[in-house]
Amino acid sequence: MFYGRKMALLTDLYELTMANGYFKTGNADRKAVFDLFYRNNPDNASYSVFAGLEDVLEYLAGLRFEEDDIAYLRSLSIFDDSFLEFLKDYRFRGDVYAFKEGSIVYPEEPLITVVAPLLDAQIVETGMLSLVNHESLIATKANRIVLAAKGRAVSDFGARRSHGFDAAFFGAKASYIGGVNSTATVLAGKEFHIPVSGTMAHAFVMAFDNEYDAFLAYSKIYPDNIVLLIDTYDVLSSGIQSAIKLAKDYLVPNGLKLKGVRIDSGDLAYLSKKCRKLLDQNGLEDTKIIASNSLDEYKIRSLIDQGAQLDSFGVGENLITSKSSPVFGGVYKLAAIEENGKLINKVKLSNTVEKITTPCFKEVYRVYSDKMAIADLLAFKDEEVGTTNPYPVVYPKKPWKKIEFTNVEYRKMHQKVMEDGKVIISLPSVSERRAFLRYQVEHELWEEEQRFEYPHIHYLDFTKALYAEKLRLVQESQNG
C-alpha cells in the first residue's frame with residue numbers, strides 16, 4: 001500500500017513481462033545494480049534539487065500484489081502461472097543507496113542506486129521514476145522561484161492548476177522542500193506539517209452588494225488575518241480605497257490591523273507602487289502587498305527589478321507544473337549484474353553520445369575547496385579517492401585535459417537507506433529537508449551556478465580507474 005492505495009500495477013507492462021522472463025529463465029535472483037539519474041537540468045539551469053526519496057522508500061517497502069492484481073494479470077494470458085504464484089507473496093528484497101532528500105544534484109550522477117535481485121530491480125522502475133521525476137522537477141522550480149524572490153515570502157497556490165490530486169499533494173511537499181514558505185493545499189499542510197496560507201476569493205467579494213461590505217464581513221470573521229483581495233473591480237479606484245476606508249473606519253478603532261492586500265491582475269509593478277504610496281499616506285506602512293497572477297521566477301525577477309512594492313508572492317500553475325520546463329527526464333539503467341558470484345559491469349551504448357551509460361556500482365563524492373562545492377566525482381563504490389595530493393581525475397567531456405584536485409575535501413553523497421526491502425534510516429522532516437537545501441544554496445553553492453541565464457556548469461569528474469573501465473567496456477562492446 002502507498003498512502004492507503006494499491007500501487008503494484010502502476011508500472012509499465014514491459015517491467016512485468018521482463019520480470020516474468022527473468023523468472024522463467026532462472027535469472028530472477030541474479031544480483032543487479034541499477035542507477036536512477038537524469039541527463040539535463042530543467043530550464044537550462046546548472047543544478048537540480050533531489051526530492052521524492054521518502055515516497056520511493058514508502059512505495060518499495062509496501063509493494064504488494066493483491067488477489068485482484070494477480071487475477072487481472074492472469075486474464076492477460078501472457079504470464080507464467082508459477083510467476084503469478086510467486087507474486088502473491090512478493091516483497092521487495094533490495095538495498096537502496098541515495099542522496100539525501102533536498103540535496104543539490106547534477107546530471108549523469110546516480111541519485112538512487114538499487115542493488116537487488118534482477119526481478120525486483122526491474123519491477124520497480126516506473127514507480128520510482130514517476131515519484132522522483134515529479135517531485136524533483138517541482139522542488140527545482142520552487143527553488144528557482146524562491147531565489148528570484150530575494151527573501152520575500154513565496155506561497156504555493158498551484159493545486160487548482162495541477163495535473164490531478166497527486167500532483168497537487170506531492171507537488172506542495174516538493175515546493176516546500178524547494179523553499180516556498182507555505183502552501184494553500186490543506187491536505188499537504190496536514191500530512192506534511194507545512195504552513196498553510198490563503199486570503200479571500202473574488203466570489204466572496206462579488207457575493208456582497210459592494211466591496212466595502214465584503215471586506216467588513218471578512219474582517220469580522222477573520223480579525224487576526226485580514227488580507228483583502230483588491231482587484232475584483234478596480235484596484236486603484238475601488239479596491240485599495242475600500243481597504244483604506246475599512247482600516248480607518250473599523251479596523252483601527254477596534255484595535256485590528258490590515259495585514260495585507262493582494263493584487264491578482266493588471267500591471268503588478270505599477271499598481272503595487274501606487275498602492276504602497278496610498279497605504280503609507282494613510283498610516284498603513286505595515287500593511288503588506290501580495291501579488292499573484294501567473295507568476296514565475298522570470299516575472300518575479302522583472303517585478304523586483306522594476307522596483308515593484310511587493311512583499312510576497314503567490315505562485316500557481318507555473319510552479320506546480322513547472323510550465324516553462326515540464327519534464328525532469330530521469331532514467332533508470334542497469335550498471336552491473338552478477339555472474340558466478342561476481343558483479344560484472346555493464347554499459348549501454350547509443351548513437352547519441354549523451355545516452356551512453358556509466359557502468360559499475362558507484363559512489364558519488366562532492367569535492368569542496370574552502371567549504372564551497374567545486375565539482376562532483378564518480379568512483380567505484382569501494383574505491384579510495386584523494387589518495388594523493390594533488391589527485392588526478394578525468395573530466396569525461398574533455399578527457400585530454402589535465403585536471404587535479406589539490407587541498408580539497410571529499411564527501412560521500414550516497415547513504416544506504418534500505419536493506420533487504422526495509423528502511424534503515426530515520427528520515428528527516430520535510431522542514432529539515434527544506435533547511436538542508438537552503439544551507440547548501442547559501443553556504444556551498446557558487447553564485448555563478450545560481451544564474452538563470454548561462455550559469456556556470458558544475459563539473460562531474462571520474463576517477464581514472466572508473467573512466468578507464470567505461471572506455472574498456474565501450475571498446476569491448478564495439479568489437480562485439
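Quick note: structure is the one above.
Residues numbered from 1 in each chain as written. Predicted model: local features only at pLDDT ≥ 70, side-chain atom pairs only at ≥ 80, totals over all residues. Heavy atoms only, no water.

Student: Tell me about the packing of helix α3 (residues 67-75) against helix α4 (residues 81-88), and please be specific about residues and values.
Tutor: Interaxial distance between α3 and α4 falls to 10 Å at its minimum, and their mutual angle equals 165 degrees. Regarding the angle of α3 to α4, the classification is roughly antiparallel. The crossing of α3 and α4 is right-handed. Across the interface between the two elements, I70, L73 and R74 of α3 pack against D81, L84, E85, L87 and K88 of α4. Per-class residue counts for the contact of α3 with α4 are four nonpolar, no polar and four charged. (Axes fitted to C-alpha atoms, helices over the stretch in contact; angles between N-to-C directions. Helix = DSSP H or I, 4+ residues; strand = E, 2+ residues; numbered from the N terminus. Parallel < 35°, antiparallel > 145°, perpendicular 65-115°, else oblique. Left-handed = near helix turned anticlockwise from the far one by under 90°. Contact = heavy atoms within 4.5 Å. Nonpolar A, V, L, I, M, F, W, Y, C, P; charged D, E, K, R; others polar.)

Student: Kindly report on helix α10 (residues 211-221), identifying the contributing residues and their values.
Tutor: Working note: α-helix, 3.6 residues per turn, so residues spaced by three or four point in the same direction. The buried count for α10 comes to eight of eleven residues, which makes it a mostly enclosed element. Of the positions making up α10, those classed as buried are E211, Y212, A214, F215, L216, A217, Y218 and S219. In this structure, the buried residues of α10 make contact with α9 (202-206), β8 (227-229) and α11 (235-251). Sitting at the amino-terminal end of α10 is N210, which places a side-chain oxygen 3.2 Å from the backbone nitrogen of Y212. (Buried < 20%, exposed > 50% of the residue type's maximum accessible area, 1.4 Å probe, protein only. Polar contact = N/O pair within 3.5 Å; in protein donor to acceptor, adjacent residues only side chain to side chain.)

Student: Provide a residue-level description of the packing of helix α7 (residues 165-178) against helix α15 (residues 430-443), including the pertinent values.
Tutor: Interaxial distance between α7 and α15 falls to 7 Å at its minimum, and their mutual angle equals 40 degrees. Taken together, the axis directions place α7 and α15 in an arrangement best described as oblique. Here K173, Y176, I177 and G178 of α7 lie close against α15, whose contacting residues are V430, S431, R433, R434 and L437. Of the residues assigned to the contact of α7 with α15, the class counts are four nonpolar, two polar and three charged.

Student: I'd like a description of the pairing of strand β3 (residues 95-98), backed by residues and values.
Tutor: Judged by which residues are buried, β3 turns out to be covered on both faces: D95 and Y97 on one side and V96 and A98 on the other are all buried. Both β3 and strand β5 (residues 112-117) contribute to a ladder of four bridges, which runs antiparallel. If you follow V96 over to β5, its bridge partner there is V114. Summarising the sheet, β3 and strand β19 (residues 415-419) pair through three bridges and their orientation is antiparallel. If you follow Y97 over to β19, its bridge partner there is K416. (Pairing = 2+ DSSP bridges.)

Student: Now, about the side chain of E383: what can you tell me, with residues and values included?
Tutor: Mapped onto the fold, E383 is located in the loop between β15 (372-380) and β16 (391-393). Although E383 is buried, it forms no salt bridge, and the closest oppositely charged side chain is K464 at an N-O distance of 11 Å. A distance of 2.9 Å separates a polar atom in the side chain of E383 from the backbone nitrogen of F380. In this structure the side chain of E383 is engaged in a polar contact, spanning 3.0 Å, whose partner is the side chain of T463. Beyond its immediate chain neighbours, meaning those up to four positions away, E383 contacts Y365, Y391, T463 and A465. (Lys, Arg positive; Asp, Glu negative; His and termini not counted. Salt bridge = Lys/Arg side-chain N within 4 Å of Asp/Glu carboxyl O.)

Student: Tell me about α3, and name the residues and values.
Tutor: Turning to α3, its buried residues number three or more, namely D69, I70 and L73. End-on, the buried residues of α3 take up no more than an arc of 95 degrees, which puts them together on one face. Directly beyond the C-terminal end of α3, a positive phi value near 60 degrees is found at S77. (Arc of directions from axis to C-beta.)

Student: With reference to specific residues and values, describe the sheet that holds strand β18 (residues 409-412).
Tutor: Pairing within the open sheet is mixed, and its four strands lie in the order β18-β14-β15-β21. A strand with exactly one partner marks an edge of an open sheet, and here the two such strands are β18 and β21 (459-462). Pairwise comparison of adjacent strand axes, ignoring direction, gives a mean angle of 30 degrees for this sheet. The pairing of strand β14 (residues 362-369) with β18 spans four bridges and is antiparallel. Its bridge partner being in β18, Y368 is matched across the sheet by E409.

Student: Can you lay out the sheet that holds strand β7 (residues 182-183) for me, pointing to particular residues and giving the numbers?
Tutor: Taken together, six strands build an open sheet; the order of strands is β7-β6-β11-β10-β9-β8 and the sheet is parallel. The sheet is open, and its two edges are formed by β7 and β8, each paired on a single side. Judged from the four bridges that link them, strand β6 (residues 153-156) and strand β11 (residues 312-315) form a sheet pairing that is parallel. Following the sheet pairing, D156 is matched in β11 by V315.

Student: So, unusual backbone geometry: which residues are in play, and what are the values?
Tutor: Cis geometry is found at the peptide bond from N389 to P390, where omega equals 10 degrees. Within the element layout of this structure, P390 appears in the loop between β15 and β16. Within the chain, K150 stands out as a residue other than glycine whose phi angle is a positive 55 degrees. By the secondary structure assignment, K150 is in the loop between α6 (125-149) and β6. Looking at K150, the relative accessible area reads 59%, which means it is exposed.

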